[in-house]
Amino acid sequence: DNGKKFAYNAFMELTYLRASLRQMLVISQMTCEVLDNARMNVLQEIQRSNQVQISVRELEAGKTYYTYSAKEKTYEPFVAKESYSASDPEWAELARTKIVKVPPQNV
């Protein structure tokens, strides 16, 4: 933070740059506030959206889903290679796993 203040203050001594630097500071502060508000709006919408948990029967081949790892407490990408049935060896493991279409975002 001090480095940024020093850089601006060092150039403020030059009269012909002073007005331009002040205008640049004002514009950057306004833009930062607008960007922060936009980011917060996006994050609020993500929080409000319902995470649709799906079952193994609803998996479609070739689509990416996210499985929850309770051990690491993370969502891992998972690409369904095929439509699974109860006779498949992966069925039992996937049936016990939380599967969502979109990983939740935490603020």
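Going by the structure above, here's the rest.
Rules used in this analysis
- Per chain, the residues get numbers from 1 upward, laid out in the order the sequence is written.
- Two thresholds apply to this predicted model, a pLDDT of at least 70 for residue-level local features and 80 or more for giving and counting side-chain atom pairs, whereas whole-chain, interface and lining totals are computed over all residues.
- Neither water nor hydrogens contribute to the side-chain values; these are computed over all heavy atoms in the structure.
- A run of H or I in DSSP becomes a helix once it reaches four residues, and a run of E becomes a strand once it reaches two; helices and strands are each numbered from the N terminus.
- Classification of residues uses two cut-offs on accessible area relative to the type maximum, computed with a 1.4 Å probe and protein chains only: under 20% is buried, over 50% is exposed, and between them is partly exposed.
- Methods summary: accessible areas were calculated by the Shrake-Rupley approach with a probe of 1.4 Å, and residue burial reflects only the protein chains presented.
- A pair of strands is treated as paired once DSSP finds two or more bridges between them.

> Looking at this model, I keep getting lost on the overall build of the chain. Mind explaining?
In terms of regular secondary structure, the chain is built from 3 helices and 4 strands. In the chain, which comprises 107 residues, the proportion classed as buried is 16%. Surface summary for the chain: the accessible area is close to 8,700 Å², and the carbon and sulfur share equals 54%.

> What am I meant to see in the sheet that holds strand β3 (residues 74–79) here?
To summarise the sheet geometry, strands pair through backbone hydrogen bonds and adopt either a parallel or an antiparallel arrangement. Read from one edge to the other, the open sheet built from 4 strands follows the order β1-β4-β2-β3, with strand pairing classed as antiparallel. The strands lining the two open edges of the sheet, one partner per strand, are β1 (53–54) and β3.

> Is there a simple way to think about unusual backbone geometry in this case?
When glycine is set aside, most residues are seen to have a negative phi, and most peptide bonds are trans. Of note in the backbone geometry, Lys-73 takes a positive phi value of approximately 55 degrees without being a glycine. Within the element layout of this structure, Lys-73 appears in the loop between β2 (64–69) and β3. You can call Lys-73 exposed: its relative accessible area is 63%.

Everything listed here is a matter of geometry and, on its own, says nothing about what the molecule does.
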